[in-house]
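# Structural overview
Each chain, letter by letter, is given below.
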4 protein chains.
Amino acid sequence: MNVLSYRPSPRDLSYTFGGRAAVAVIRPGTIVEMFTEDCFAGRVRSVEDMPSRVCDFPFLNPVTGPFHVEGAEPGDTLALHFVSITPARDWAVSATFPHFGALTGTHATPMLAPPLDEVVWRYDIDVERGVVRYHARRSDFTAELPLDPMHGTVGVAPAASEVRMTIVPDTHGGNMDTPELRAGVTVYLGVNVEGGLFSVGDGHARQGHGEVCGTAVEAAMDTVVAVGLIKGVVTPWPRMEDDGHLMSTGSARPLEDAYRISQHDLVTWTSELTGLDILDAYQLVSQIGEAPVGNVCDGNYTMVAKLPKSCLRGADVYGSAHERLRALGRRYLARR
Amino acid sequence: MNVLSYRPSPRDLSYTFGGRAAVAVIRPGTIVEMFTEDCFAGRVRSVEDMPSRVCDFPFLNPVTGPFHVEGAEPGDTLALHFVSITPARDWAVSATFPHFGALTGTHATPMLAPPLDEVVWRYDIDVERGVVRYHARRSDFTAELPLDPMHGTVGVAPAASEVRMTIVPDTHGGNMDTPELRAGVTVYLGVNVEGGLFSVGDGHARQGHGEVCGTAVEAAMDTVVAVGLIKGVVTPWPRMEDDGHLMSTGSARPLEDAYRISQHDLVTWTSELTGLDILDAYQLVSQIGEAPVGNVCDGNYTMVAKLPKSCLRGADVYGSAHERLRALGRRYLARR
Amino acid sequence: MNVLSYRPSPRDLSYTFGGRAAVAVIRPGTIVEMFTEDCFAGRVRSVEDMPSRVCDFPFLNPVTGPFHVEGAEPGDTLALHFVSITPARDWAVSATFPHFGALTGTHATPMLAPPLDEVVWRYDIDVERGVVRYHARRSDFTAELPLDPMHGTVGVAPAASEVRMTIVPDTHGGNMDTPELRAGVTVYLGVNVEGGLFSVGDGHARQGHGEVCGTAVEAAMDTVVAVGLIKGVVTPWPRMEDDGHLMSTGSARPLEDAYRISQHDLVTWTSELTGLDILDAYQLVSQIGEAPVGNVCDGNYTMVAKLPKSCLRGADVYGSAHERLRALGRRYLARR
Amino acid sequence: MNVLSYRPSPRDLSYTFGGRAAVAVIRPGTIVEMFTEDCFAGRVRSVEDMPSRVCDFPFLNPVTGPFHVEGAEPGDTLALHFVSITPARDWAVSATFPHFGALTGTHATPMLAPPLDEVVWRYDIDVERGVVRYHARRSDFTAELPLDPMHGTVGVAPAASEVRMTIVPDTHGGNMDTPELRAGVTVYLGVNVEGGLFSVGDGHARQGHGEVCGTAVEAAMDTVVAVGLIKGVVTPWPRMEDDGHLMSTGSARPLEDAYRISQHDLVTWTSELTGLDILDAYQLVSQIGEAPVGNVCDGNYTMVAKLPKSCLRGADVYGSAHERLRALGRRYLARR
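Residues numbered from 1 in each chain as written. Chains lettered and ligands numbered in written order. Predicted model: local features only at pLDDT ≥ 70, side-chain atom pairs only at ≥ 80, totals over all residues.

## Regarding the overall build of chain A
Looking only at helices and strands, chain A features four helices and 19 strands. Over its C-alpha trace chain A gives a radius of gyration of 19 Å, about what one expects of a compact globule, namely 20 Å for 336 residues. For chain A, the spread of C-alpha atoms along the principal axes amounts to about 55 × 45 × 45 Å. Counting every position in chain A, which comprises 336 residues, the buried fraction comes to 63%. Once local pairs closer than 6 in sequence are excluded, the contacts in chain A between residues at least 24 apart make up 75%. (Helix = DSSP H or I, 4+ residues; strand = E, 2+ residues; numbered from the N terminus. Rg over C-alpha atoms; globule rule 2.2 N^0.38 Å. Buried ≥ 20, exposed ≤ 12 C-beta atoms within 10 Å, placed from the backbone. Contact = placed C-beta atoms within 7 Å.)

Right, here's the structure in full:
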């Protein structure tokens, strides 16, 4: 079993997709153990650390990578199976960042009112018990919420020689901020450049739908990814698969366009997988499809379109990449 | 126990909220048994019945009602607890209606391409087994989907002397098309006129998130509602409650504004119920709130914002109207 | 010459399109002289009169009418030629109304920040010199701006038995708030009910594009309209014509949908008028069409699509209704 | 007078902002004479040349540059005065490009209908007479339209190490596609990297508002730019100035956000220039501001907010950069 263990120092972190040499070259079938910093680059540690002071734009939302996958070429698809996502610390933070979030004026939706107060919340993480603890800042209210670790950001180098800040999701992936991206899920990303050059970051101990205040329960993570390569198959937008579901994503504004992209991809993908006529697939997805909201706060908003695989009558999905990578992940876990 | 049984003839159906005299006057605490026709007014019965031919605009999406609730005045809130929603026939239909749906040009999002083909699908409903059966039209593919009955449309007479087609959701309710509106849920609607004048319609045997093709598994329903009245409490947008969750809705375009409305209402409502500072409530909802999509095809799009009641530490919600109406509904069901 | 002079008392004003009996019945070819109140129902007279205190929701944006046009039936088109629009007072007002305007949170785009300060500006109107004078409230800055009178609101009773608040523009017209609706323009409105039932209101001494703060230079008007009826011609969205241009309107959210509706109507209308293939018309409008912004603050946003008539090579527009009504208006003015 | 004459060979053209070394280093005060290719890289020459065949994605919308301006540093502003923009050929082309344009499904607003027909139009340009001639493709209809040359694309290297395709407008400029960018206008662009690295391209012989079909009258240009540098002044979004007006731009989706950004920038800029309180400036812009539409077809939509300088009472705009560069341009033209 090929296992690469990679722990970046702060200056190894990336802040873009594209525009950066690989930190490692791996073969398909490799297990990558990686550490990912939180979206504040680890600089917000207490409720006194205001992000607008301790963080240094554009050095936000760092990712670990990029990793070059041998043999990956434009027109192929990378398959990244998230074997495990484990909080690396016993705390996490969240914040109202000025001019960021869905219920405040932002740089893209400017308002004349002053920004909301900048406030930081610090959560306790109890991995054993599977909970995070919320503490109100202006009263003694606390609440235990289920731990549900995920990665907000995963992607590859963009097409057309672009270099993009990690914080904006688009066809190459990026900061989709969907809670669906948890352990047990395989992410499919279309390859745009030699090696694909994937990176991962922005762990969340948990997140609500839409990340309405602009930040989740932001946490550094110890994450294990099983890496696969599917030759000669194009993936137009990031897709995901878990044991029970297929998922398409769309990232755009306004939010209905993110919905349209994700549903359109799911309808056409379902039609390809099952041989259903396109209108028959449209009808089927209309009645059984789900549409979990990703983010409604980033540069593009993200929607997920989700279909139970039980509808597919055994159709072959990416040559069973998910099943193979899951099996690889289980062997890895069993060995550990 | 006050029980009103009401079965409208076709000419008793309403096609607007407002602008129509009550079909019955009821006291708070009444159980209403009603029949609701499907969104095609029952005229689409086979795959040969094209909605654009057999239906007669604006006579689409009929509702049963309105019902006048004694004592309801502007500034009050109606509480409608859905005791049961049962398909009234063993079949249902769905269709691609020209210039309607999220993946086609529409009257509000016009395109130069011709409309998609108009196609009708007929579903078998098996209440006993709890399934609906999908039949592809252009192949022999079929699939069993879980039966999950709901009402797309519920609302009251609008404010400001308005009369609105039933098909557009807004502050008064209307065609929200959220699968969350199933049996066991209490809907809260702000009263705008004497008696409130609520109506119910547009049953779906099941529906995907967003109703992407524009129609669900459209079914006539036998529905039982327990009616409550909460005096002196204003409800700005339709809200819902079930045993585990509070829900706020928002209906608007673009979709992010429906999201904003629903999340804003949930944040301010949570703050009121718990005494949390507004930013503390914003943070809590950001991490634990859900955002099930209602519709992304109607005149306004609908989003739901949903919070587990376990976060509320026992706060009183509408004077426990949900619990009281649920108990009433159970007594009714036990008696039947 | 049939001339109707109509001056409503405050209690004669209408606050809806639809839902109200005609104030007068007129024959096609009639000249109507009418007084229209300002959008605040005349209650904001000084900078001390806060709209949120002196106005009484929903009694905002009153219109004068409705007028029943003899012979008008669904499927016909009303042609309203604005002969003159003259400020009725030597002052006008504007205001930042709480939760209204494009750069503040609103009921449809809610934000957690408090509303902007409510401030009233009073303008001097000098009809003779053709100017309005702006006075800053928080300094002694003043500016003379060109007087350019227009009506924000014109419409007919809606289809489908709807009754709509005057403040929301839609297919029936309403509060489009386009500065293009000035004297010399003929407005075409599709008839939905017997008599058409048109109303006019919301005069502006002038307005910027989009009415960004939510209100214009709001003024009562003495307005003269020449009324025509075009039998058997359907008009899907309000259209306008002046001596040099055809104009289509679209009112929707998001703003690109208002743009799409107006451009789509202009492209298909141009194709019908000239016999151009639809893609040829699309191309022509793409290169020579204008797109003046109406409002970006009301319940629906409004865009106008505008084409020089010189492109039409003499095509007949509504049977030369504009030319005939303009001639009628000129005879009226000459007689006065 | 420093004059740089630069004519790129096809392989010198750039397809991104950022990510490319300068083609020349110039001092502030330089006149740059440049040739710019059309958006199809000159490959569409007749109505038989289908863009989807003869063009090679991502090699669309080439720009000439980038030019390094000596002394330009992050926090400064480049001032680019367009002295002249002259069609370089006696023809231009336009096209319906599949999945591009405002009235068709696109990659960002996907629909299930097939794309519109791909059609090319070839225009004759007569610089002397100041006209372009449109020829319908499916009839013998022709029309003369006013020649009104402009550049769709101008911008600098983006911030945050990003590299962006030229076709998407954002804070760094890019493909704004506003007809306001004609000769006589000074464009202000905030500098993000050493030297600023500006490029210019995508000439249009003329363009309608919004570029509704997705392409304008696309033409190669001989263009002359007078280059200035304003030290220590930040420009958040591209701005423009001509002899009569200030202009702010905003590029975003949905279109109302592009409107908000441009109006917000114009309101705050007006407040800074005049000393007006922000709400007083909001009011003034609301009544006298214009909002010419740029594009409603690119990756971000663009709106312009425009204010007559007569409102400013002589306020100093960028240290009179426009006047100085205009004077420089006139000396250049006189000499020629």
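## Considering the interface of chain C and chain A
Across the boundary between the two partners, chain C contributes nine residues, which contact nine residues of chain A. Grouping the constituent residues of the side of chain C that touches chain A by class yields seven nonpolar, two polar and no charged. (Nonpolar A, V, L, I, M, F, W, Y, C, P; charged D, E, K, R; others polar.)

## Things to note about the confidence of the model for chain A
Looking at chain A, the pLDDT average stands at 97 and 100% of residues meet or exceed 70. In the predicted assembly, ipTM is 0.98 and pTM is 0.98. (pLDDT = per-residue confidence, 0-100.)

## Quick word on the packing of helix α2 (residues 255-274) of chain A against helix α3 (residues 278-288) of chain A
Residue and element names in this part refer to chain A. As a packed pair, α2 and α3 sit with axes 8 Å apart at the nearest point and diverge in direction by 120°. The orientation of α2 with respect to α3, classified from their angle, is oblique. The chirality of how α2 crosses α3 is right-handed. Contact residues: α2 offers Q263, L266, V267, T268, T270 and S271, while α3 offers I278, A281, Y282, L284 and V285. In terms of residue class, the contact of α2 with α3 is made up of seven nonpolar, four polar and no charged. (Axes fitted to C-alpha atoms, helices over the stretch in contact; angles between N-to-C directions. Parallel < 35°, antiparallel > 145°, perpendicular 65-115°, else oblique. Left-handed = near helix turned anticlockwise from the far one by under 90°.)

## Some thoughts on the pairing of strand β16 (residues 221-230) of chain B
Residues and elements named next belong to chain B. For β16, the tally of buried residues reaches eight of 10 residues, placing the bulk of the element in the interior. As paired elements, strand β4 (residues 31-36) and β16 share six bridges and run antiparallel to each other. By the bridge assignment for β16, F35 is matched with D222. (Pairing = 2+ DSSP bridges.)

## Notes on the sheet that holds strand β13 (residues 173-175) of chain A
Residue and element names in this part refer to chain A. One open sheet holds the five strands; their spatial order is β3-β5-β15-β11-β13, and the pairing between them is mixed. The sheet terminates laterally at β3 (24-26) and β13, the two strands that pair on one side only. Going from strand to strand, the sheet's axes swing by 35° on average, the running direction of each strand aside. Pairing between β3 and strand β5 (residues 63-69): three bridges, direction parallel. Residue V25 lies in a different strand from β5, and its bridge partner there is H68.

## Quick look at the sheet that holds strand β7 (residues 91-95) of chain B
One open sheet accounts for four strands, arranged β7-β8-β9-β10 (chain B); its pairing is antiparallel. Every interior strand has two partners, whereas the edge strands, β7 and β10 (142-146) of chain B, have only one. Strand-to-strand twist of the sheet, defined as the mean angle between neighbouring strand axes without regard to direction, takes the value 30°. In this sheet, β10 of chain B lies alongside strand β9 (residues 131-135) of chain B in antiparallel orientation, the contact comprising five bridges. Across the sheet, Y134 of chain B pairs through a bridge with A143 of chain B, a residue of β10 of chain B. Contacts between α3 of chain A and the sheet are confined to β7, β8 (120-126), β9 and β10 of chain B, with β10 of chain B contributing the most and set at about 15° to the helix.

## So, the relation of the copies chain C and chain A
Each copy superposes on the other: chain C lies on chain A with an RMSD of 0.0 Å after a rotation of 180° and an axial shift of 0.0 Å. Within this description, the copies of the chain are treated as partners about a two-fold rotation axis. For chain C, the residue whose C-alpha comes nearest the rotation axis is A113 of chain C, separated from it by 3.3 Å. In this assembly, 100% of the residues forming the interface of chain C have copies in chain A that are likewise at the interface, indicating an isologous arrangement. (Least-squares fit on C-alpha atoms with pLDDT ≥ 70 in both.)

## Some points on the nonpolar core
The biggest cluster of nonpolar side chains holds 415 residues, and the ones touching the most others in it are L78 of chain A, L78 and L80 of chain B, L78 and V225 of chain C together with L78 and L80 of chain D. In this view, L78 of chain B contacts V69, A72, V156, L189, V191, G196, F198 and L229 of chain B; residues no more than four positions away in its chain are not counted. (Core = buried A, V, L, I, M, F, W, Y, C linked by C-beta atoms within 7 Å.)

## Some points on the environment of A160 of chain C
Summarising the element assignment, A160 of chain C is placed in the loop between β11 (150-155) and β12 (164-165). According to the C-beta neighbour criterion, A160 of chain C is partly exposed, with 17 such atoms within 10 Å. Dropping the residues within four chain positions of it, A160 of chain C is found in contact with P58 and M165 of chain B.

## Considerations on the relation of the copies chain A and chain B
Least-squares fitting of chain A to chain B yields an RMSD of 0.0 Å, with the superposition described by an axial translation of 0.0 Å and a rotation of 180°. When the interface residues of chain A are mapped onto chain B, 100% of them again fall at the interface, so both copies present the same face.

## Describing the interface of chain A and chain B
Reports of interface size often rely on the accessible area that becomes lost once the parts have come together. Every contact between the two is made by 53 residues of chain A and, on the other side, 53 residues of chain B. For the side of chain A that touches chain B, the secondary-structure elements that each account for two or more residues are β10 (142-146), α2 and α3 of chain A. Here the element with the most residues in the side of chain A that touches chain B is α3 of chain A; it accounts for nine residues. The residue inventory of the side of chain A that touches chain B, partitioned by class, reads 28 nonpolar, 15 polar and 10 charged.

## What to know about helix α3 (residues 278-288) of chain C
Every α-helix winds through 3.6 residues per turn, so residues three or four apart in the chain are directed the same way. Buried residues dominate α3 of chain C, accounting for 10 of its 11 residues. Buried within α3 of chain C we find L279, D280, A281, Y282, Q283, L284, V285, S286, Q287 and I288 of chain C. Residues of α3 of chain C that are buried in the fold lie against α2 (255-274) and β19 (301-308) of chain C together with β7 (91-95), β8 (120-126), β9 (131-135) and β10 (142-146) of chain D.

## Overview of the pairing of strand β11 (residues 150-155) of chain D
All names here are of chain D. For β11, the buried fraction is high: six of the six residues fall into the buried class. Strand direction decides the pairing type here: β11 and strand β15 (residues 198-204), joined by five bridges, are antiparallel. The residue bridging M150 from the neighbouring strand is H204, located in β15. Sheet topology note: the β11/strand β13 (residues 173-175) ladder contains three bridges and is antiparallel. Across the sheet, the residue bridging to V154 is G174, located in β13.

## Here's the deal with helix α4 (residues 321-335) of chain B
Residues and elements named next belong to chain B. In a regular helix each residue adds 1.5 Å, so 15 residues correspond to 21 Å; α4 covers 21 Å between its end C-alpha atoms and thus fits that length. Among all positions in α4, only A321, H322, L325, R326, L328 and G329 are buried. End-on view of α4: buried residues confined to an arc of 160°, all on one side of the axis. Of the exposed residues in α4, the ones pointing more than 90 degrees away from its buried face are R330, A334 and R335. Packed against the buried residues of α4 are β4, β6 (77-87), β14 (186-190), β16 and β17 (239-241). (Expected span 1.5 Å × (residues − 1). Arc of directions from axis to C-beta.)

## Structural notes on the environment of M50 of chain A
For M50 of chain A, the position within the fold is in the loop between β4 (31-36) and α1 (51-54). Judged by the 15 C-beta atoms lying within 10 Å of it, M50 of chain A is partly exposed.

## Some details on unusual backbone geometry
Between R253 of chain A and the following residue, P254 of chain A, the backbone shows a cis peptide bond with an omega angle of -5°. Among the secondary structure elements, P254 of chain A is positioned in the loop between β18 (245-252) and α2. Although it is not a glycine, A160 of chain B sits at a positive phi angle of roughly 60°. Of note, E211 of chain D is a non-glycine position whose phi angle comes to about 50°, a positive value.

## Notes on the environment of G105 of chain C
Structurally, G105 of chain C is set in the loop between β7 (91-95) and β8 (120-126). G105 of chain C sits 10 residues away from P115 of chain C along the chain, and the two C-alpha atoms are 7.0 Å apart.

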